[in-house]
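Each chain, written out:
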Amino acid sequence: MTTNIRYKSRSMKSEDSEDKQYVGFATLPNQVHRKSVKKGFDFTLMVAGESGLGKSTLVNSLFLTDLYKDRKLLNAEERINQTVEITKHTVDIEEKGVKLKLTIVDTPGFGDAVNNNECWRPITDYIDQQFEQYFRDESGLNRKNILDNRVHCCLYFIPPFGHGLRPVDVEFMKALHEKVNIIPLISKADCLTPTEVKKLKDRVRDEIERFGIKVYQFPECDSDEEEEFKQMDKELKECTPFAVIGSNTVVEARGQRVRGRLYPWGIVEVENQSHCDFVKLRNMLIRSHMHDLKDVTCDVHYENYRAHCIQEMTSKLAQDNRTDSPLPILPLPTPDVETEKLIKMKDEELKRMQEMLEKMQQQMHEKDQ
Amino acid sequence: MRSLSLSGHVGFDSLPDQLVSKSVSQGFSFNILCVGETGIGKSTLMNTLFNTTFENEEASHFHNGVHLRPRTYSLQESNVDLQLTIVDTVGFGDQVNKEESYKPIVDYIDAQFENFLEEELKIKRSLYNYHDSRIHICLYFIAPSGHSLKSLDLVTMKKLDSKVNIIPIIAKADTVSKSELQKFKIKIMSELVSNGVQIYQFPTDDEAVAEINSSMNAHLPFAVIGSSEEVKIGNKMVRARQYPWGVVQVENESHCDFVKLREMLIRVNMLDLREQTHARHYELYRRCKLEEMGFKDTDADSEPFSLQETYVAKRREFIGELQMKEEQMRQMFVNKVKETEAELKEKERELHERFEMLKRTHQEEKRSLEEMRRDFEEEMNTFNRRKVAAETLQSLQGSTGLKKDKEKKT
């Protein structure tokens, strides 16, 4: 203990032989940075919502690429009985030496049919499948190259044409809020005036609370962060759900070339904060909270899935008494409280029956005599 | 027929004026049906079209089904009275399963036709005073997705196109940019055509309006914007929507097709819409309904049927049917009675049998009991006799014993 104090007081004086006082673990962040740059990042983003709400356009605007070059849109007749499909596009993008393997999971057909009962089932099945695959890989023997295909974030597009959430929105979010981070967005926000945007946001926030939907919450700021950061964070939280506009085209506005939409009455700039919340969404999704989204997926959603899975497995094993399970049996660190109780009860019963048997034997013996 | 030329002014050229003054004094009625999802802008467009504010609360998204809400208003402009009925579809497009969504709409339209048909067929009818509630125009609001029609739109319009005049409009069109709008309109029209949906075509047979109507036909579906607010442009207050990036003026033809819609719907073709409803859609309904009831225009010999004969024949048929039914029911009743009687008889017989049986068993038991009693009595008697015998023997023995003892002793 005393040595530490000595070292501290010495560093304040900034004397000779500074390398003796300086241990050097302050470079850990740099090492983390270097390693992560070498390893590269991956991120899986799911977009869900009815057709025609601008999902593809927004994804293109977010990542400044064109992921949907040749896609075929169905017409109304074909969509009457359409089922939901899951499509994946993976791209590798690089910026300043940092590589990102981005996977976009699209859900064409969601909400498009006339009868949309349980149209989210293929989506929940897909998410569960990814969890199951990761679970299997994690429990496997060779764990060096696990491919993480779990969905880290789901952007849900709410149409701006209504007065708030619709039944299909509520049911979708409730089916998925415990499996994936949901970020609701108000799409095509260029049909709402600023007052209407505010009204709709308040309405949607109220309804999300009322129906008990657990959307992704931004983590609280540490108390020792800068004031500016805290202010930004507060603004971000009050802005949800984000009202976004996307654009595939570049137009000329105020002497600059920007991404925007050209109307006879003006030009909507996608990156103009007073026009829409696109910049906030991009900053949040990519620049500040991407890793937090991954962490919440790993620590909360995946762990829930895993615990649920294991519980089911062990209760099944106790019933079937089979030893050939698809997964290797992991030794349970703590036996189930319930099964312990059951075992105790059975033991007692056995003891009682033994006693009775002895008594009867005795009686018979006496009788014989 | 010969046509003659007049040698002077007679004055029957005032006939149209007489007609006009009569119809003005009668007043007009017009019924609009607005079909579209909740929040798409139906009420706002009505307010904008008629330049007034019809009272309307925001609808919720969580209705269980679709129901129609008709509201009638009395409007006046210059000296013309208009009875305007606006029918709203509440809850349309909100449910998860929308397979039944079109039914309430079709049922409502048919009900209005049915009411009119009833009035027509009445003995004492007053068509002059009848408030015509048949829907003259259905404005179908298409959501501005920019891609194509929704599946629900297609299904609904197919069910409605033979019952009502449909004008499809693109709602909230300030979210579709000009280039996208062209493609969107073309896609919608091609989808309607390829699926055989018949929308209302503005009439081109009257030369006065043929030109404007045919050019308007090419602009379908109209891309409209509505607004309840006014913004100051220049030195006038106009209906507009104020955005951070500009102001969308409702009545500016380069911004949207609202002016075209108003022209077509109200200023040019309102009367034609009413006539089409009566001449085409109502007639179709009437024909189907009457054919269902069994009326025909010509009978087997291709002679024109008279209504009276058909009516008498129908009546006879009906009465004959009634009699047959009565007979059937009577038969059934008689059969039932017979059945139940037979059953009851069976039961009675059974009961009798059982009674006899029981009586017999009872008697047998009595007899056997009697026997047993007699046996028992005999036994008792024998026992008594034996007892007496034994007792006397004993006493004899006792005395002899004594005697013996005595003898022994002595």
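Source: prediction; values computed, not measured.

> Can you break down the interface of chain B and chain A residue by residue, with the values?
Chain B puts 43 residues into the contact, and the matching count from chain A is 52 residues. The junction of chain B with chain A conceals about 4100 Å² of combined surface from both sides, 56% of it contributed by carbon and sulfur atoms. On the chain B side of the interface with chain A, the three residues burying the most area are F62, V96 and W245 of chain B, jointly 20% of the side's total. Counting every contact that joins chain B to chain A gives three salt bridges. In this structure, K150 of chain B and E50 of chain A form a salt bridge, with 3.3 Å as the shortest nitrogen-oxygen distance. Viewed at the interface, chain A and chain B are joined by 16 residue pairs in polar contact (both at pLDDT 80 or more). Of all elements in the fold, only α4 (151–160), α5 (178–194), β8 (236–243) and β9 (246–249) of chain B reach the threshold of two or more residues within the side of chain B that touches chain A. Class assignment for the residues of the side of chain B that touches chain A results in 15 nonpolar, 16 polar and 12 charged.

> Provide a residue-level description of the sheet that holds strand β1 (residues 41–48) of chain A, including the pertinent values.
Strand pairing in a sheet relies on backbone hydrogen bonds. The paired strands run either parallel or antiparallel. Residues and elements named next belong to chain A. The six strands are arranged β2-β3-β1-β4-β5-β6 in an open sheet whose pairing can be described as mixed. Strands with a single pairing partner mark the edges of an open sheet, and in this sheet they are β2 (87–95) and β6 (242–243). For β2 and strand β3 (residues 98–106), the ladder comprises nine bridges, and the chain directions are antiparallel. Residue E94 lies in a different strand from β3, and its bridge partner there is K99. The strands touched by helix α8 (residues 194–210) within the sheet are β4 (153–158), β5 (182–186) and β6, with β5 carrying the most contacts at an inclination of about 150°.

> Residue-level account of the pairing of β9 of chain B, with values.
Residues and elements named next belong to chain B. Bridge count for β8 against β9 is four bridges, and the pairing is antiparallel. By the bridge assignment, Y243 is partnered in β9 with G246. What sits between β8 and β9 in their antiparallel hairpin is a turn of two residues.

> Outline the packing of helix α2 (residues 42–49) of chain B against helix α7 (residues 258–268) of chain B, listing residues and values.
To describe two helices that pack against each other, one gives the angle between their axes and the distance between the axes. All names here are of chain B. Between α2 and α7, the least distance of the axes is 11 Å, while the angle of their chain directions is 70°. In terms of orientation, α2 lies roughly perpendicular with respect to α7. Residues L45, T48 and L49 of α2 form the contact with α7, whose own contacting residues are F258, L261, R262, L265 and I266. Tallied by class, the residues present in the contact of α2 with α7 amount to six nonpolar, one polar and one charged.

> Just give me the short version of the pairing of β5 of chain A, but keep the residues and values in it.
Residues and elements named next belong to chain A. The buried fraction of β5 is high, at five of five residues. Where β4 lies against β5, five bridges are found, and the strand directions are parallel. By the bridge assignment for β5, L155 is matched with I183. Traced from β4 through helix α7 (residues 167–176) to β5, the parallel crossover comes out right-handed.

> Describe in detail the pattern of salt bridges, supporting the description with residues and values.
Enumeration according to the criterion identifies 40 salt bridges over all chains in this entry. Between D148 of chain A and R150 of chain A there is a salt bridge whose closest N-O contact spans 2.8 Å. In this structure, D148 of chain A and R150 of chain A share a single accessibility class: buried. We note a salt bridge from D169 of chain A to R166 of chain A, for which the minimum N-O separation is 3.3 Å. Just as D169 of chain A is buried, R166 of chain A falls in that class too. Each of E50, R166 and D169 of chain A together with E37 and K150 of chain B takes part in salt bridges that share partners, so that together they form one network.

> Which residues make up the UniProt feature "site: Important for dimerization" (unreviewed entry) in chain A, and what are the values?
According to UniProt, the positions carrying the feature "site: Important for dimerization" (unreviewed entry) are F161 of chain A. Examined against the element boundaries, F161 of chain A turns out to sit in the loop between β4 and α7. If we skip the residues at most four places from it in the chain, F161 of chain A touches L53, K188 and C191 of chain A together with T38, G39, I40, P144, K172 and T175 of chain B.

> Give a description of the sheet that holds strand β9 (residues 266–269) of chain A that names residues and reports values.
Residue and element names in this part refer to chain A. Judged by pairing direction, the sheet is antiparallel, and its three strands sit side by side in the order β7-β8-β9 without closing on themselves. Among the strands making up the open sheet, the edge pair consists of β7 (250–253) and β9. Across the sheet, the mean angle from the axis of one strand to that of its neighbour is 70°, orientation sign disregarded. Note: β7 against strand β8 (residues 256–263), four bridges, orientation antiparallel. Counted as the bridge partner of V250 is R259 from β8.

> An account of the UniProt feature "domain: Septin-type G" (unreviewed entry) in chain B is needed here, citing residue identities and associated values.
Residues annotated by UniProt as "domain: Septin-type G" (unreviewed entry) correspond here to residues 26–292 of chain B. Secondary structure over residues 26–292 of chain B splits into 38% helix and 22% strand, and the C-alpha atoms at its two ends are 35 Å apart.

> Tell me about helix α6 (residues 121–138) of chain A, residues and numbers included.
Helix length check: α6 of chain A (18 residues) gives 25 Å between terminal C-alpha atoms against 26 Å at 1.5 Å per residue, within 8%. Of all the residues in α6 of chain A, the buried ones are I123, T124, Y126, I127, Q130, F131, Y134 and F135 of chain A.

> So what's going on with the environment of C298 of chain A? Residues and values would help.
Residue and element names in this part refer to chain A. You can see C298 is positioned in helix α11 (residues 290–320). The class for C298 is partly exposed, based on a relative accessible area of 23%. Expressed as a C-alpha distance, the spacing of C298 and R150, which sit 148 residues apart in the sequence, is 8.7 Å.

> Can you explain the environment of E309 of chain B? Please cite residues and give values.
All names here are of chain B. Within the secondary structure layout, E309 lies in helix α9 (residues 307–409). The class of E309 is exposed, set by a relative accessible area of 54%. Taking the C-alpha atoms as reference, E309 lies 43 Å from D81; in sequence the two are 228 residues apart.

Calculation rules
- Residues numbered from 1 in each chain as written.
- Chains lettered and ligands numbered in written order.
- Predicted model: local features only at pLDDT ≥ 70, side-chain atom pairs only at ≥ 80, totals over all residues.
- Heavy atoms only, no water.
- Contact = heavy atoms within 4.5 Å.
- Buried area = accessible area lost by both parts, 1.4 Å probe.
- Salt bridge = Lys/Arg side-chain N within 4 Å of Asp/Glu carboxyl O.
- Polar contact = N/O pair within 3.5 Å; in protein donor to acceptor, adjacent residues only side chain to side chain.
- Helix = DSSP H or I, 4+ residues; strand = E, 2+ residues; numbered from the N terminus.
- Nonpolar A, V, L, I, M, F, W, Y, C, P; charged D, E, K, R; others polar.
- Pairing = 2+ DSSP bridges.
- Axes fitted to C-alpha atoms, helices over the stretch in contact; angles between N-to-C directions.
- Parallel < 35°, antiparallel > 145°, perpendicular 65-115°, else oblique.
- Buried < 20%, exposed > 50% of the residue type's maximum accessible area, 1.4 Å probe, protein only.
- Right-handed = clockwise from strand over helix to strand, strands pointing away.
- UniProt positions renumbered as here; feature names shortened; annotations may be inferred.
- Expected span 1.5 Å × (residues − 1).

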